[in-house]
Amino acid sequence: MSLSPAQLLRRFPRLFPSGQEEDAETLLRLLNPLRLPAGEVLIERGDLSTSLYLLASGELETDLTEAGQRLILGQVKPGSWVGELALISPGTAAARIRTVKDSALLVLSHDAFSALRLEHPRVASGMLHTLMLTLVERLRSSNARVIRRLDSTTLQLTRPEADDAQGIL
Amino acid sequence: MSLLHTLGNAPEFKNLSANELEGVEAAMTVRVYRDGHVFIREGEPGDSLFLIIEGEVIATRKAKDGSATLLARMASGDLFGLLALIDEGPRSASCTALGEVVVASLPRRRFEQLYNSQAPAAYTFQYMIARQLVRDVRATNEALIRQMLDYTESEVHAALQNVSVEFRPSRGGEEIGDDESTQ
């Protein structure tokens, strides 16, 4: 599958606050397509993670496995992405991410993003702004949940929310 | 230590010219604050970002019983007050000077001016904020994941207890019966 700049813009409008097709064209040049069948592990918990993965089609799931227990954190649907932490600052993946459907991804590495920041700072900055808003949202909800647990003396079941797929890698 | 020195120490600012660094410096206000000064009050609207130049600042949050929980202890080079600057929401924690501190503040208005000027320094500053956000998100993810895994463990424990409770009446009854018959 090869996406045109116009398609990239339509599929991931939040990444291009300017709304300009030209910006999508700039980013498209730095993206590497990746196709994975259902059931493949994209990133294992503990792996060094260095890229942002845009999901063009298919479905991803993030989960945690510990002592034989599997905890699903959330799903990633087309038009969304994982790996914003790694893109900004490569580090260890906090959870596992796998495909639950045959998936088409577009990969932006940290190095490619560094190049984008140098050569097209306005485009990089627009993207970064959206990613930062996601991180802030994530921090606010995580903080509230961690605190809720610190507050309560009895354990209370806080179900993982759907947005747990974002901001974890 | 000066603001320029603190900025210069951040890896993000390594590639900036002296002129560009001075642009950031000009947008910020540096002051010495006394021990106990409250920069940010939890729940209040916020419109400034802070950079610690010298000294320490603690971030705390109120628990239900009114006691404060220590979230972080921050030092030179650390940024705080980022969330409200980005999403204009309320402050998520209180930040208080621990001893005398030198802190540079950047009001949102000045940040936006810097940002809209499309100066390299503004982009660099934005990236510095993004990296701090990533560090914060990673730290809370850690805490949250630990909680989730702990919880899973206790959930499993509870489930196992339920299972044994469900099976206990009949088996327990038999055992009691057996015990009684043998006595």
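Sequence order sets the numbering: in each chain, residues are counted from 1 along the sequence as written. Chains and ligands are labelled sequentially in the order written, the chains with letters from A and the ligands with numbers from 1. It should be noted that, the model being predicted, local features are given only for residues of pLDDT at least 70 and side-chain atom pairs only at 80 or more, the latter also being counted only at that level, while totals for whole chains, interfaces and linings use all residues.

### Focus: the overall build of chain B
Under the convention used in this document: Under the scheme used here, helices are H or I runs from DSSP no shorter than 4 residues and strands are E runs no shorter than 2 residues, and both carry numbers assigned from the N terminus. Think of it as a crowd count around each C-beta: if 20 or more other C-beta atoms lie within 10 Å the residue is buried, if 12 or fewer it is exposed, and in between it is partly exposed, with C-beta placed from the backbone throughout. Here the contact rule is simple: place C-beta atoms from the backbone, and any two residues whose C-beta atoms are within 7 Å are in contact.
Counting secondary structure elements, chain B contains five helices and six strands. Counting from the amino terminus, chain B carries its helices and strands in the arrangement α-α-β-β-β-β-β-α-β-α-α. Here chain B holds 183 residues, and the buried ones make up 31% of them. Sequence separation of at least 24 residues holds for 72% of the intrachain contacts in chain B that already meet a minimum separation of 6.

### Looking at the overall build of chain A
Looking only at helices and strands, one finds five helices and 10 strands in chain A. Sequence-distant contacts, at least 24 apart, represent 76% of the contacts inside chain A between residues at least 6 apart.

### A word on the sheet that holds strand 6 (residues 69–76) of chain A
The strands that make up a sheet are held in pairs by hydrogen bonds between backbone atoms, and each pair lies either parallel or antiparallel. Residue and element names in this part refer to chain A. Condition: Strand pairing follows a simple DSSP-based rule, namely that at least 2 bridges must link the two strands. In this analysis, axes come from line fits to C-alpha atoms, helices being fitted only over the stretch in contact, and the angle between any two N-to-C directions falls in the range 0 to 180 degrees.
Pairing in this open sheet of four strands is antiparallel, and the strands run 2-9-5-6 from one edge to the other. For this open sheet the edge positions go to strand 2 (41–43) and strand 6, each flanked by a neighbour on one side alone. Averaged over all pairs of adjacent strands, the angle between strand axes in this sheet comes to 35 degrees, irrespective of strand direction.

### Let's talk about the sheet that holds strand 1 (residues 32–36) of chain A
All names here are of chain A. As summarised here, the arrangement of the four strands in space is 1-10-4-7, forming an open sheet in which the pairing is antiparallel. On the outer flanks of this sheet lie strand 1 and strand 7 (81–82), each paired with one strand and no other. In the sheet, strand 1 pairs with strand 10 (residues 103–109) via five bridges, with the strands oriented antiparallel. Directly across from R35, in strand 10, lies its bridge partner A104. Packing of helix 4 (residues 110–119) onto the sheet brings it into contact with strand 4 (51–57) and strand 10, and relative to strand 10 it is tilted by some 55 degrees.

### Describing the pairing of strand 6 of chain A
Residue and element names in this part refer to chain A. Direction of pairing for strand 5 (residues 60–66) relative to strand 6: antiparallel, over a ladder of seven bridges. Residue pairing in the sheet places L64 in a bridge with L71 of strand 6. Joining the antiparallel neighbours strand 5 and strand 6 is a turn of two residues, in which A67 adopts a positive phi near 50 degrees.

### Topic: unusual backbone geometry
Residue and element names in this part refer to chain B. Phi is positive for E88, which is not a glycine, with a value near 60 degrees. By secondary structure assignment, the location of E88 is in the loop between helix 3 (82–87) and strand 6 (94–107). Given 12 C-beta atoms within 10 Å, E88 falls into the exposed group.

### A word on the nonpolar core
Spelled out, the test is: Here, a nonpolar core means buried Ala, Val, Leu, Ile, Met, Phe, Trp, Tyr and Cys residues linked by C-beta atoms lying within 7 Å of one another.
With 88 residues, the main nonpolar core has A:L54, A:L169, B:L82 and B:L133 as its most contacted residues. Looking at which element gives the most residues to this core, the answer is helix 5 (residues 120–182) of chain B, with 14 residues. Each residue touching A:L169, except ones within four places of it in the same chain, is listed here: A:I43, A:S49, A:V82, A:G83, A:L85, A:A86, A:A93, A:A94, A:A95 and A:I97.

### Brief notes about the environment of A:L54
Residue and element names in this part refer to chain A. Tracing the backbone through its elements, the reader meets L54 in strand 4. Under the C-beta neighbour-count criterion, L54 is labelled buried, with 25 such atoms within 10 Å. Remark: the alpha-carbon pair of L54 and L34, spanning 20 residues in sequence, is separated by 9.8 Å. Those residues within four positions of L54 in sequence are excluded, and the remaining contacts are F12, W81, L105 and L106.

### Concerning the environment of B:E54
Residue and element names in this part refer to chain B. Within the secondary structure, E54 sits in strand 3 (residues 48–62). The partly exposed category is assigned to E54, around which 16 C-beta atoms lie within 10 Å. Between the C-alpha atom of E54 and that of A75, which follows or precedes it by 21 residues, the distance is 7.0 Å.

### Some details on helix 2 (residues 21–28) of chain A
The test is simple: Arc definition: it is the arc formed by the directions from the helix axis to the C-beta atoms.
Among all positions of helix 2 of chain A, only A:D23, A:A24 and A:L27 are buried. Viewed along the axis of helix 2 of chain A, the buried residues span an arc of 100 degrees, placing them on a single side of the element.

### Considerations on the environment of B:A18
With respect to the helices and strands, B:A18 occurs in helix 2 (residues 18–27). Residues B:A18 and B:R34, spaced 16 residues apart in sequence, show a C-alpha to C-alpha distance of 30 Å.

### Brief notes about the confidence of the model for chain A
Cut-off, in case you're wondering: Every residue is assigned a pLDDT by the predictor, reflecting its confidence on a scale from 0 to 100.
In the predicted model, chain A carries a mean pLDDT of 86, and the fraction of residues at 70 or more is 85%. Taken together, the stretch residues 152–163 of chain A has pLDDT below 50 and engages in 11 contacts with residues farther than four places along the chain or on a different chain.

### So, the pairing of strand 6 of chain B
Residue and element names in this part refer to chain B. Alignment of strand 1 (residues 29–33) against strand 6, held across five bridges, turns out to be antiparallel. The residue of strand 6 that forms the bridge with Y33 is V101. Bridge analysis of strand 2 (residues 38–40) against strand 6 gives two bridges, and the strand direction is antiparallel. Bridging across to strand 6, V38 finds its partner in T96. In terms of strand pairing, strand 3 meets strand 6 through 11 bridges, oriented antiparallel. Each bridged residue has a counterpart across the sheet, and for T60 the counterpart in strand 6 is S94.

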